[in-house]
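Okay, here's what each chain looks like letter by letter:
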Amino acid sequence: MQLGIAGRVALVTGASKGIGFAVARGLAAEGVRVAMSARNEDTLASAVEAIRLAGGEAYGEPADVARPEQIEALFDRVRRRQGDPEILVVNAGGPPPGVPSALGEADWAYGYELTLMSAVRLARAALPAMRERHWGRIINITSLSVKEPLLTLTLSSAYRAAVTGFSKTLAKEVAADGVTVNGVGPGYTATERLDELFADEEARETLLETIPAQRFGTPDEVAAVVVFLASQQAAYITGQTVFPDGGVMGAVH
Ligand code: NAD
């Protein structure tokens, strides 16, 4: 299927590893010109190089999305280099884990900046040009925790639900301008973050037993959903969240 996005400009944050990297690679494989961002310059450079070696058009722009001034500077640099992003994929590492009683003011303040306000600020920076051109795609990477909050991932569960509410309202505001706003909520996906959260072999085995597909998802499986939502064909899908989760969610939502 031709996705109709070759030559478009994308910005993917948290793009040096895991799901963000797979998304950047997936978009580049469709001929999208990808600006990749993450905090660490060296890791980012290796990720960019891997995509270029595979024939994709990509370059790196370091930024910490928890810092508002760095988001502004990131947009300035991307605009100067290749023009305004037409596809924006909002991703970063998850906020620190913890049950509600283990979290203090500083944890809540950091999660707010990293997870909720990064999505608000990145969208705010990207939207004026998207609306003017009457074409845009904003895709927020969230989690299955927006539907089924996880006890040990309080901040992720709370703030990603807020991101989802924000996406839904924004989707309504900009739908008539040719801009779609969606979420992709991965289930358990084999990345470094999953290795960190479930370092213990026994805990991994117990977790696997809860997944009907009996395996973890791959970053490429999550990326495939993101790339489709960025496509021309997905123009009438907005305000939604798609959950590539191997069947984990039990309820009819
Ligand atoms: P990861 O840790 O493998 O990769 C995270 C990426 O974001 C890296 O490139 C990292 O450098 C970058 N990053 C981290 N903090 C950043 C910041 N402040 N500013 C800019 N870049 C930053 O994580 P992943 O497993 O690929 O997960 C990506 C997102 O998906 C996370 O928010 C995670 O919570 C969510 N998620 C992951 C899973 C899973 O099972 N892996 C499940 C549900 C949701």
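None of the values given here were measured: they were computed from a predicted structure. (Residues numbered from 1 in each chain as written. Predicted model: local features only at pLDDT ≥ 70, side-chain atom pairs only at ≥ 80, totals over all residues. Heavy atoms only, no water.)

Caption draft 1: How the structure looks around the overall build of the protein. Counting secondary structure elements, the protein contains eight helices and seven strands. Its C-alpha radius of gyration of 17 Å places the protein within 12% of the 18 Å reference for a compact globule of 253 residues. Dimensions of the protein, computed from the C-alpha atoms along their principal axes, are close to 45 × 40 × 35 Å. A separation of at least 24 residues holds for 73% of the contacts in the protein among residues at least 6 apart in sequence. (Helix = DSSP H or I, 4+ residues; strand = E, 2+ residues; numbered from the N terminus. Rg over C-alpha atoms; globule rule 2.2 N^0.38 Å. Contact = heavy atoms within 4.5 Å.)

Caption draft 2: The site of the ligand, seen in detail. With respect to spatial proximity, 28 residues lie near the ligand, and among them Ser16, Ala92, Arg160, Thr189 and Thr191 are the closest. Here Thr191 contributes a side-chain N or O atom positioned 2.4 Å from an oxygen atom of the ligand. Bound to the protein, the ligand loses 93% of the 830 Å² it would expose on its own. Elements that contribute at least two residues to the shell around the ligand include exactly helix H1 (18-29) and helix H6 (192-197). Of all the elements, H6 adds the most residues to the shell around the ligand, at three residues. Among the residues making up the shell around the ligand, the classes are represented as 11 nonpolar, 11 polar and six charged. (Near = heavy atom within 4 Å. Polar contact = N/O pair within 3.5 Å; in protein donor to acceptor, adjacent residues only side chain to side chain. Areas by Shrake-Rupley, 256 points an atom, 1.4 Å probe, with all protein chains shown as cover. Nonpolar A, V, L, I, M, F, W, Y, C, P; charged D, E, K, R; others polar.)

Caption draft 3: The pattern of salt bridges, seen in detail. On inspection of all chains with the given rule, the structure shows 14 salt bridges. In this structure, Glu61 and Arg77 form a salt bridge, with 2.6 Å as the shortest nitrogen-oxygen distance. Placement of the pair is Glu61 in the loop between strand E3 (57-60) and helix H3 (68-82) and Arg77 in helix H3, with a sequence separation of 16 residues. You can call Arg77 partly exposed: its relative accessible area is 27%. (Salt bridge = Lys/Arg side-chain N within 4 Å of Asp/Glu carboxyl O. Buried < 20%, exposed > 50% of the residue type's maximum accessible area, 1.4 Å probe, protein only.)

Caption draft 4: View of a negative patch on the surface. Residues Asp200, Glu201, Glu202, Glu205 and Glu209 make up a contiguous surface patch of negative charge. Within the element layout of this structure, Glu205 appears in helix H7 (residues 201-209). Residue classification places Glu205 among the partly exposed residues on the basis of a relative accessible area of 40%. (Patch = residues over 30% accessible without salt bridge, like charges linked within 9 Å, V, L, I, M, F, W, Y side chains within 5 Å. Lys, Arg positive; Asp, Glu negative; His and termini not counted. Charge placed at Lys NZ, Arg CZ, Asp CG, Glu CD.)

Caption draft 5: Molecular detail of the packing of helix H4 (residues 105-133) against helix H5 (residues 154-174). Viewed as axis vectors pointing N to C, H4 and H5 meet at an angle of 20 degrees, and their least axial separation amounts to 9 Å. Relative to H5, H4 is oriented roughly parallel. The way H4 lies across H5 gives a crossing that is right-handed. Touching Asp107, Trp108, Gly111, Tyr112, Thr115, Leu116, Ala119, Val120, Ala123, Leu127 and Arg131 of H4 are Thr154, Leu155, Ala158, Tyr159, Arg160, Ala162, Val163, Phe166, Leu170, Glu173 and Val174, all from H5. When the residues that make up the contact of H4 with H5 are grouped by side-chain class, the tally is 15 nonpolar, three polar and four charged. (Axes fitted to C-alpha atoms, helices over the stretch in contact; angles between N-to-C directions. Parallel < 35°, antiparallel > 145°, perpendicular 65-115°, else oblique. Left-handed = near helix turned anticlockwise from the far one by under 90°.)

Caption draft 6: Here's a closer look at the nonpolar core. Of all hydrophobic cores here, the largest spans 34 residues; its most connected members are Leu27, Val34, Met36 and Ile87. Elements with a contribution of two residues or more to this core: strand E1 (9-12), H1, strand E2 (33-36), helix H2 (41-53), strand E4 (87-90), strand E5 (136-141) and helix H8 (219-230). Ignoring anything within four residues of it in the chain, the contact list for Met36 reads Val12, Ala15, Phe21, Ala24, Leu44, Ala47, Val48, Ile51, Ala58, Tyr59, Gly60 and Glu61. Counting 32 residues, the second-largest nonpolar core is a separate cluster that includes Leu122, Val163, Leu170 and Val181. (Core = buried A, V, L, I, M, F, W, Y, C linked by side-chain atoms within 4.5 Å.)

Caption draft 7: Geometry of the environment of Trp108. Within the element layout of this structure, Trp108 appears in helix H4. Exposure remark for Trp108: the relative accessible area of 30% places this residue in the partly exposed category. It is 7.0 Å that separates the C-alpha atoms of Trp108 and Leu155, two residues lying 47 residues apart in sequence. In contact with Trp108, not counting residues within four places along its chain, are Leu103, Thr154, Leu155, Ala158 and Tyr159.

Caption draft 8: Up close: the sheet that holds E1. Spatially, seven strands are ordered E3-E2-E1-E4-E5-E6-E7 in an open sheet, and the strand pairing comes out parallel. The open sheet is flanked by E3 and strand E7 (241-242), the only strands paired with a single partner. In the packing of H3 onto the sheet, the strands contacted are E1, E2 and E3, and the crossing angle to E1 comes to about 155 degrees. Most of the contacts of H4 go to E4, to which it runs at about 175 degrees, and overall it touches E4, E5 and strand E6 (179-184). (Pairing = 2+ DSSP bridges.)

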